[in-house]
Structure formats: structure tokens, C-alpha cells
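Each chain, written out:
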Amino acid sequence: MNADDEQLLRGRVYGCDHDDPHPGPLPHQTYAALVGGPLDGLLLDITGWRPEEIGDGVALMTELGRWPGGRALYDPRPDAPRPSGGPGVVCRFYYSGDTP
């Protein structure tokens, strides 16, 4: 990923189109910050997720990973505090690899 790609992703919500007029977070939603890997800097909307769903992590489709059209894997750290709910960025998911 080049510097232009990184700048494009910063502060955006995963799944929003690059030309979306409001690609950033909404004040009433809950987010996990994606750290490392091809989606570094994006926010993932986890509004309404149960704690066990957050603990499972995610496999997110991306064209920017090792396998274009594959998935980037992100997980919470086992020792990280679990979110208690509420709006804003409440936790972080860390890059753990790619899968086709």
C-alpha cells in the first residue's frame, strides 16, 4: 500500500465507498479501530455486536491484502479490556494475517 492509499483510508469506516460524502464515523455508532495490515486506520462499525462476537474478531474482504479479493484477519488482543458499549471507538482489532 502506498502513502496515497493510507491517507485515503484514515478515519473512514470499513465498507463506505471512497466517494461517500460522509465516510467517517457517526456519533451514535460504536466502532473498533483496525490496527496494522492493509486496513490500518479504518474503523469497523460494531454497533449492536455482543461481547462474544467482538472477542471472535473478524475476516474482512479487501483488495489491498496479500490475496486481492481475499480477507484480512483482525482480532482483539486477549489482554485488552472489553468494551462496555456506548458510541465512539471502544476497542481495537489488530491485524493477524490474510486468507484467500
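Here, the structure is the one placed above.
All figures in this text were calculated on a predicted structure; none of them were measured in a lab.

Draft legend 1. Local environment of the overall build of the protein chain. Within the protein chain, the secondary structure is distributed over two helices and five strands. When the helices and strands of the protein chain are listed from N to C terminus, the series reads α-β-β-α-β-β-β. Counting over 100 residues, the protein chain shows a buried share of 31%. Within the protein chain, residue pairs in contact and separated by at least 24 positions form 51% of the contacts whose partners lie at least 6 positions apart. Looking at the protein chain as shown, the accessible area adds up to about 6100 Å², and 51% of this sits on carbon and sulfur atoms.

Draft legend 2. Looking closely at the pairing of strand β3 (residues 58–62). Side-chain alternation along β3 places Val58, Leu60 and Thr62 on a buried face and Ala59 and Met61 on a face that remains uncovered. Pairing of β3 with strand β4 (residues 70–75), which is carried by five bridges, proceeds in the antiparallel orientation. Following the sheet pairing, Leu60 is matched in β4 by Ala72.

Draft legend 3. Up close: the environment of Trp67. Position of Trp67 among the secondary structure elements: in the loop between β3 and β4. As for Trp67 and Asp98, which are separated by 31 residues in sequence, their C-alpha atoms are 7.4 Å apart. Non-local contacts of Trp67, meaning those with residues more than four positions away in its chain, are made with Thr62, Asp98, Thr99 and Pro100.

Draft legend 4. Region of the structure containing the pattern of salt bridges. Tallying each qualifying case throughout the model produces two salt bridges. One salt bridge in this structure joins Glu52 and Arg50, with 2.7 Å as the shortest N-O distance. Owing to a relative accessible area of 44%, Glu52 belongs among the partly exposed residues under this scheme. Notably, a salt bridge pairs Glu53 with Arg50, separated by 3.7 Å at the nearest N-O pair. Given the relative accessible area of 29%, Glu53 is considered partly exposed. Three or more residues joined by partner-sharing salt bridges are found here, namely Arg50, Glu52 and Glu53.

Draft legend 5. Region of interest: the packing of aromatic side chains. Tallied over the entire structure, the rule returns two aromatic pairs. With 6.4 Å between their ring centres and 40° between their planes, Trp49 and Phe93 make a pair best called tilted. Residue Trp49 is located in the loop between β2 (43–45) and α2 (51–56), and its partner Phe93 is located in strand β5 (residues 88–99); the two are separated by 44 residues in the primary sequence. Since its relative accessible area comes to 0%, Phe93 is described here as buried.

Draft legend 6. Representation of the nonpolar core within the structure. Residues Leu34, Leu39, Leu44, Leu60, Tyr74 and Phe93 are the most contacted members of the largest nonpolar core, which totals 13 residues. Secondary structure elements with two or more residues in this core: β1 (30–35), β3, β4 and β5.

Conventions we followed
Residues numbered from 1 in each chain as written. Predicted model: local features only at pLDDT ≥ 70, side-chain atom pairs only at ≥ 80, totals over all residues. Heavy atoms only, no water. Helix = DSSP H or I, 4+ residues; strand = E, 2+ residues; numbered from the N terminus. Buried < 20%, exposed > 50% of the residue type's maximum accessible area, 1.4 Å probe, protein only. Contact = heavy atoms within 4.5 Å. Areas by Shrake-Rupley, 256 points an atom, 1.4 Å probe, with all protein chains shown as cover. Pairing = 2+ DSSP bridges. Salt bridge = Lys/Arg side-chain N within 4 Å of Asp/Glu carboxyl O. Phe/Tyr/Trp six-rings, centres within 6.5 Å; stacked < 30°, edge-to-face > 60°. Core = buried A, V, L, I, M, F, W, Y, C linked by side-chain atoms within 4.5 Å.

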